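These are the residues of each chain, in order.
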Amino acid sequence: MSNKKSMLLPNPMLPNHVVTIDPKLCVACYQCSDICRCNVIVHNPEKGQPPVVVYPDECWHCAVCTEHCPTGAIKFEHPINQKITWKRKDTGEIMRIGMKNPPPANTRRACGDRSIQLPEHHEVEAKILEVERLSRYVIYAKIGDANIDISNYEPGHFCNFQIDEQTYRGYSIGNAPGSDYIELFIDTYSNGPGGQFFQNLEVGRNVNITLPLGRFIYRPKETPVLFVGSVTGISPIKAMLETELNQIKSGRKIQLVFMVWDKEDIFLKDYFDKLETEHPNFSYSLILSNPDTTADKTGKIYNNTIIEYVKNSKFVTPEIDTYICGSKPLIKAIEKELFRRDVF
C-alpha cells in the first residue's frame, strides 16, 4: 500500500475577506471552528496554531464565530454587496458607496462585542520575576514590572504569551487584580512549545504578553458557589477565590474541588489549607484521578473522579453558581451532571 498523504488547502480569500484571524490574539481554542455551521473554519492540523479559513466563499455571514471568540481575534465583514447602501437610524438619511464625502463607516463587528463584553486589551513588555517548578509537570511563573500597569484585568481573564515570532500561547492569570505582577501556572506535560519555553525560562528575561483576554470572569453574588479546577485549570479559579475571599468578602459559601493525577502532582495544598483556616465559609477537596494511586487517601485527599464527587455532593443544588476550568471533555462531563441536577 502506497504511503500517501491527503492535503487540505484553503481556497483563495475573497477580495472583501469575510473572516480574518489575528494570530497574535488567537489561542487556538477552536471554538470558532467547532461552532461554524458551514465548516468555513476548520481545526489547524498543526496543534496550537490558529484555525484555517478553508472555504471563505461558503460563509453564511452569521458571525457566530466572532461571538464565540474569547479574545476578539476574529474580524468579520459583511460582503461588499450587502454594504452598497446604509441608513442613519437617527436621521433616516440614506448613504451609498461612491457618494461624495461619506460619513465614517460603522466599524463595529456584526455581533458579539457588546453581548460578551470583551475587554480592551493591550500589549506589554514585562520581566520574569520568579520561576519555580511546583510539581512533576507544573511550573509557576511570576511576571511584572514596576514601570507598567499590569493589574487592569478581572479574575478569570487570561493573557496571550509570545513564545517566538510566530507562536503564541494563552495562560490564565492566577492571582487577583490589584498587584503589579501576574501569576501563571504552566502545564508542561505535553512538552509543547509553551512548556519547553517555560522550562528554559530565566529570571530577569523580558517577555511580551497581551492582556486582558477572555470572557470567563467572576460574577459576585450571595448564592453558594462551586469551583471546579483540574491541574492548571486551577489558575483562574485561584484568582476568583482571592478576589472573593480577600477583596469582596461577601461571605457566600464556597466549595472548591481540585483534581490532579497523583500524589506527585499535588501543588497549592498549603495555600488552600491556609485559606480554609482563615475563611470559615470556604472548604475544598483534593481529588486524585489515578485509580491505581498508592497515596494515603485521608483528610482532604480522595481517590475518585470529579464527576462522581459532583454527583454525590450535597453541596450541589439548583441554587448554586458553578465555575469550571479544565479540559473540554471534563467540562462537558461535569456540565452534563450539573444539568441532570438542575443546576443550570
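Just above, that's the structure.
Computed from a predicted structure; not experimentally measured. (Residues numbered from 1 in each chain as written. Predicted model: local features only at pLDDT ≥ 70, side-chain atom pairs only at ≥ 80, totals over all residues. Heavy atoms only, no water.)

**Side note on the overall build of the protein chain**
What counts here: Working definition: helices are DSSP H or I runs of at least four residues, strands are E runs of at least two. Numbering for both runs from the N terminus. Summary of the burial criterion: residues with accessible area below 20% of their type's maximum are buried, those above 50% are exposed, and those between are partly exposed, where the area comes from a 1.4 Å probe applied to protein chains only. All accessible-area figures derive from a Shrake-Rupley calculation using a 1.4 Å probe, and residue coverage is judged against the displayed protein chains alone.
The helix and strand tally for the protein chain stands at eight helices and 17 strands. When the 344 residues of the protein chain are sorted by exposure, 45% land in the buried category. Counting every atom, the protein chain has about 19,200 Å² of accessible surface; 50% of that belongs to carbon and sulfur.

**Concerning the sheet that holds strand β8 (residues 138-144)**
To keep it simple, the criterion reads: A strand pair is defined by DSSP finding two or more bridges across the two strands. Axis lines are fitted to C-alpha atoms, over the contacting stretch for helices. Their N-to-C directions set the angle, which ranges from 0 to 180 degrees.
As summarised here, the arrangement of the six strands in space is β10-β9-β12-β7-β8-β11, forming an open sheet in which the pairing is antiparallel. Bordering the open sheet on either side are β10 (168-172) and β11 (181-187), each of which pairs with just one other strand. Pairwise comparison of adjacent strand axes, ignoring direction, gives a mean angle of 40° for this sheet. Sheet analysis places strand β9 (residues 158-162) next to strand β12 (residues 206-213), joined by three bridges and oriented antiparallel. Residue pairing for β12: Asn-160 is matched across the bridge by Thr-210.

**What to know about helix α8 (residues 328-340)**
The line we're drawing: Multiplying 1.5 Å by the helix residue count minus one yields the expected span of that helix. Arc, as used here, means the arc of the directions from the helix axis to the C-beta atoms. By definition, residues are in contact when any of their heavy atoms lie within 4.5 Å.
Across its 13 residues, α8 extends 18 Å between first and last C-alpha, which sits within 8% of the 18 Å expected from 1.5 Å per residue. Buried residues of α8: Leu-330, Ile-334, Glu-337 and Leu-338, and no others. Within α8, the buried residues cover an arc of 100° as seen down the axis, which keeps them to one side. Of the residues in α8, the exposed ones pointing more than 90 degrees away from the buried face are Pro-329, Lys-332, Lys-336, Phe-339 and Arg-340. Where α8 is buried, its residues meet β13 (225-230), β14 (254-260), α7 (306-312) and β17 (321-325). A positive backbone phi angle near 60° is found at Asp-342, which sits one or two residues after α8.

**So, the side chain of His-157**
Note the following rule: As used in this structure description, the phrase polar contact means that two N or O atoms lie within 3.5 Å; if the pair is within protein, one of them must be able to donate a hydrogen and the other to accept it, and residues adjacent in sequence are counted only when both atoms belong to side chains.
Position of His-157 among the secondary structure elements: in the loop between β8 and β9. Separated by 3.0 Å, the side chain of His-157 and the backbone nitrogen of Glu-154 make a polar contact. Once residues within four sequence positions are removed from consideration, His-157 is found in contact with Pro-119, Ser-172, Ile-173, Pro-212, Leu-213, Gly-214, Phe-216 and Ile-217.

**Section: the pairing of β12**
Of all eight residues in β12, six are buried; the element is thus mostly enclosed. Here six bridges tie strand β7 (residues 122-133) to β12, and the two strands are oriented antiparallel to one another. Residue pairing in the sheet places Glu-125 in a bridge with Asn-208 of β12.

**Quick word on the packing of aromatic side chains**
Where we set the bar: Two rings belonging to Phe, Tyr or Trp (six-membered ring only in the last case) form a pair when the distance between their centres is within 6.5 Å. Interplanar angles under 30 degrees mark stacking, angles over 60 mark edge-to-face geometry, and anything in between is tilted. Only lysine NZ and arginine CZ atoms are considered, and such an atom sits over a ring when it is within 6 Å of the ring centre and within 35 degrees of the ring normal.
Following the criterion strictly, the structure yields 17 aromatic pairs and no others. Measuring from ring centre to ring centre gives 6.3 Å for Tyr-218 and Phe-227, while their planes differ by 35°; the resulting arrangement is tilted. Classification of Tyr-218 as buried rests on a relative accessible area of 3%. The ring of Tyr-181 has Lys-142 sitting right over it, with the charged end atom 4.1 Å from the ring centre. Residue placement shows Lys-238 over the ring face of Tyr-271; its charged tip is 4.9 Å from the ring centre.

**Quick word on the packing of helix α5 (residues 234-248) against helix α6 (residues 269-278)**
Filter applied, for reference: Every angle not falling under 35 degrees, over 145, or within 65 to 115 is termed oblique; those three ranges are roughly parallel, roughly antiparallel and roughly perpendicular. What makes a crossing left-handed is the near helix being turned counterclockwise from the far one by less than a right angle; a clockwise turn instead makes it right-handed. Residues are sorted three ways: Asp, Glu, Lys and Arg are charged, Ala, Val, Leu, Ile, Met, Phe, Trp, Tyr, Cys and Pro are nonpolar, and all the rest, Gly among them, are polar.
At a minimum axis separation of 12 Å, α5 and α6 run at an interaxial angle of 25°. Taken together, α5 and α6 sit at an angle that is classed as roughly parallel. The chirality of how α5 crosses α6 is left-handed. Residue-level contacts link Ile-234, Lys-238, Leu-241, Glu-242 and Leu-245 of α5 to Tyr-271, Phe-272 and Leu-275 of α6. The residue inventory of the contact of α5 with α6, partitioned by class, reads six nonpolar, no polar and two charged.

**Observations concerning the pairing of β8**
Counting buried residues along β8, seven of its seven residues qualify, which places the element largely inside the surrounding structure. Burial along β8 is two-sided: the residues Val-138, Tyr-140, Lys-142 and Gly-144 and Ile-139, Ala-141 and Ile-143 are all buried. In the sheet, β7 pairs with β8 via six bridges, with the strands oriented antiparallel. By the bridge assignment for β8, Arg-133 is matched with Ile-139. Linking two consecutive strands that pair antiparallel, namely β7 and β8, is a turn of four residues. Sheet topology places β8 next to β11; seven bridges connect them, and they run antiparallel. Note that in β11 the partner of Val-138 across the bridge is Asp-187.

All quantities given are derived from atomic positions and should not be read as evidence of function.
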